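# Report on the structure
Residue strings, one per chain:
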Amino acid sequence: MVMNGLHQLTISQASRLLRQRSLSSVELTEACLRRIEQVEDKIHACVTICRDSALEQAKEADRAISNGEDDPLAGIPVLIKDNISTKGVRTTCSSKMLENFIPPYDATVVARLKSRKAVILGKTNMDEFAMGSSTENSAFFPTKNPWDLERVPGGSSGGSAAAIATDEAIYALGSDTGGSIRQPAGFCNVVGLKPTYGRVSRFGLVAFASSLDQIGPITKDVTDCATVLNAIAGNDPKDSTTAPYPVPDYTRTLIPDLKKMRLGIPKEYFVEGMQPEVKAALGAAIKTLEELGAEIDINASLPHTRYALAVYYIIAPSEASANLARYDGVKYGYSYQQTENMWEAMEKTKQIGFGPEVKRRIMLGTYALSAGYYDAYYLKAQKVRTLIRNEFEQVFQKYDALVTPTSPTVPFKLGERIDDPLQMYLSDVCTLPINIAGLPAISIPAGFTNGLPIGMQIIGKPFDEETILRIAFAYEQATQWHKSKPQI
Amino acid sequence: MKLTREEVLHLARLVRLGLSEEEIEKFSVQLSNILDNFEILKQVDTTDLPPMAQSINLQNVFREDNATPSYDPEEILFNAPQREGGYFKIRAVLE
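This structure is a prediction, so every number in the text was calculated from the model and none was measured.

Moving on, we come to the environment of Ile459(A). Residue and element names in this part refer to chain A. Mapped onto the secondary structure, Ile459 falls in strand β11 (residues 452–460). With relative accessibility at 0%, the residue Ile459 sits in the buried group. Sequence separation between Ile459 and Ala441 is 18 residues; the distance between their C-alpha atoms is 4.3 Å. Ignoring any residue separated from it by four or fewer positions in sequence, one finds Ile459 in contact with Phe396, Ala401, Leu402, Thr404, Ile434, Leu439, Pro440, Ala441 and Ile468.

As structure tokens, this is what we get:
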């Protein structure tokens, strides 16, 4: 194994070395902390670094491992998106509103990682309250794409994706409401999975759009993705929308053979405005899948895809406008104090605490839910949502999975779309139908054009993460795009 | 479709969101553009279709009503912008 540094290890490599005692968690954690110091000036992926508590957790993991702890995540350093609650560590959602908020509890996913003796390195930058596709909506600073520092890393989990692309941690967690794990994973040449709605607990995830949000892994390869999903998936009494279904061992599905696998290529996902290089890369990727034994049908069709963007941008802001009503400056978060008037205090708290995109979506959602417009917008969108879900259900009678680009373009330049919300929304056109229907989907590296990464999305049936992981694994083994690293 | 200044102010008041003059101006243009794009949904026949609120078919999820320790009030009040004793302190609601 040729390695320039321990920070470059994957979970499976590091875990093997830890259990052989040829590496300690403290050494691995120190290597990641050094890497963070080395690249953060350029990348800006992290909002908070927990140096002391990370080293403390690493020591504890080393003790546990020498006492026989053999969990694959024991002693492995992870970065957590900053909308996932961490007890005693500030959780900002990259918003002024929560700049100093310290959660009194851990999100269920964090508690599960801690019980496996994970090492939490810190919290990653994001679009404010996960609203955005470029991480430029962070109230603190934009994250840069490690493949080209003048371009965006995607969003909203841009910090997590950029950090894994530059080996600042061994893996990361993100959250995905309309593409926020997959699109940045595609933009940064890493693996990102959005699980089926209800597969992973949302307890402790700061709510954006509760019927669409899911937490998922961002990793250096598909095997690691399966390992992390094993740890975080499953029913949680604290989240009544988690499914009571058993969790399989997702690593057991990883075999590099796609014989008899029926894959549909939905033509509606090759949209107008798609870059020809992205289309070409997908064409080559599909050919590879065919060579691996898959049966490809390029005439799959989901005609209602064209309505998904409108449905999403009614439903997500509507839910957001209700969820974000809690930031009234009374219980926690930023609070405007220079008045005795209650209403003025509330209005000023939100005016100062929220950034432009959050305000825009609160206004949009309030409009769609307000008297006189509810039926025409919110209820109509919910009915079209039924149609989109039904259409996926029908298509999945013919196919085991669907294959599309993750985003219609390569990473765009910082500032290029920030003043044009509609252009920004279009970068999620391939990913948001999946959240509307509640399906699982993974983005994996599928090539480069002019040095910029292209992502491929594989969409599965509800609760069939195993099939999409298997397809992703077979493709990864055949191509090895994930081994390309940015020069930083 | 164009949102008027009054409509923007009405929405902001519904959610108690303060807006600057510049924001009022910007949002009336931007929200109008976004809403224009929603017109596409009018093409879809949704007669007899039930609305979908979420994608998982679970209803009435129950659990045993077992008593477990709750959070320490100090932990919950830790983030309070203003407090008095064991309470959140708020401004007068009725004057």
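Back to the text.
This next bit is on the side chain of Gln457(A). Residue and element names in this part refer to chain A. Following the sequence through the fold, Gln457 ends up in strand β11. Among the polar contacts listed, one links the side chain of Gln457 to the side chain of Arg182, at a separation of 2.8 Å. Of note is the side chain of Gln457, whose polar atom sits 2.9 Å from the backbone oxygen of Cys430. Filtering out sequence-adjacent residues up to four positions away, Gln457 remains in contact with Arg182, Leu402, Val403, Thr404, Pro405, Thr406, Cys430, Thr431, Ile434, Ala441, Ile442 and Ser443.

Quick look at helix α9 (residues 308–323) of chain A now. For α9(A), which comprises 16 residues, the first-to-last C-alpha distance of 22 Å matches the rise-based estimate of 22 Å (1.5 Å per residue) to within 8%. Most of α9(A) sits out of view: 15 of its 16 residues are buried.

Turning our eyes to something else, we now look at the packing of helix α1 (residues 5–14) of chain B against helix α2 (residues 21–38) of chain B. Residues and elements named next belong to chain B. At a minimum axis separation of 9 Å, α1 and α2 run at an interaxial angle of 110 degrees. Here α1 lies roughly perpendicular to α2, going by the angle between them. The two elements α1 and α2 meet at a crossing, and its hand is right-handed. Listed contacts from α2 to Arg5, Val8 and Leu9 of α1 are Glu21, Ile24 and Ser28.

This part covers the nonpolar core. Nonpolar side chains tend to gather and get buried jointly when the protein is soluble and globular. All names here are of chain A. Ranked by size, the top nonpolar core spans 94 residues in total, and within it Leu113, Tyr171, Ile442 and Met456 carry the most contacts. Not counting residues up to four positions away in its chain, the partners in contact with Met456 are Leu282, Ala285, Leu289, Val403, Thr404, Thr406, Ile442, Ser443, Ile444, Ala446 and Tyr475. Among the nonpolar cores identified, the runner-up in size contains 77 residues, and Val206, Leu324, Ile362 and Ile459 belong to it.

A word on the interface of chain B and chain A. Facing the 54 residues of chain B at the interface are 71 residues of chain A. When chain B packs against chain A, close to 5,500 Å² is buried across both sides, 67% of that on carbon and sulfur atoms. Summed over the three residues of chain B that lose the most area to chain A, namely Arg16(B), Met52(B) and Arg91(B), the buried surface amounts to 15% of that side. At the boundary of chain B with chain A, the tally comes to three salt bridges. The partner of Glu23(B) in a salt bridge is Lys359(A), and the shortest N-O contact between them spans 2.7 Å. At the junction of chain B and chain A, the tally comes to 17 residue pairs in polar contact (both at pLDDT 80 or more). Contributions of two or more residues to the side of chain B that touches chain A are made by α1, α2 and α3 (73–77) of chain B. Per-element accounting of the side of chain B that touches chain A gives the leading share, ten residues, to α2(B). Residue composition of the side of chain B that touches chain A, grouped by class: 34 nonpolar, twelve polar and eight charged.

In this section: unusual backbone geometry. All names here are of chain A. Here Gly155 and Ser156 are connected by a cis peptide whose omega angle stands at 10 degrees. Mapped onto the fold, Ser156 is located in the loop between β3 (119–124) and α5 (158–165). The backbone of Thr135 sits at a positive phi, close to 65 degrees, despite the residue not being glycine. Among the secondary structure elements, Thr135 is positioned in the loop between β3 and α5. Phi at Phe463 takes a positive value of approximately 60 degrees, unusual for a residue other than glycine. Tracing the sequence through the fold places Phe463 in the loop between β11 and α15 (465–479).

Conventions we followed
Residues numbered from 1 in each chain as written. Chains lettered and ligands numbered in written order. Predicted model: local features only at pLDDT ≥ 70, side-chain atom pairs only at ≥ 80, totals over all residues. Heavy atoms only, no water. Helix = DSSP H or I, 4+ residues; strand = E, 2+ residues; numbered from the N terminus. Buried < 20%, exposed > 50% of the residue type's maximum accessible area, 1.4 Å probe, protein only. Contact = heavy atoms within 4.5 Å. Polar contact = N/O pair within 3.5 Å; in protein donor to acceptor, adjacent residues only side chain to side chain. Expected span 1.5 Å × (residues − 1). Axes fitted to C-alpha atoms, helices over the stretch in contact; angles between N-to-C directions. Parallel < 35°, antiparallel > 145°, perpendicular 65-115°, else oblique. Left-handed = near helix turned anticlockwise from the far one by under 90°. Core = buried A, V, L, I, M, F, W, Y, C linked by side-chain atoms within 4.5 Å. Buried area = accessible area lost by both parts, 1.4 Å probe. Salt bridge = Lys/Arg side-chain N within 4 Å of Asp/Glu carboxyl O. Nonpolar A, V, L, I, M, F, W, Y, C, P; charged D, E, K, R; others polar.

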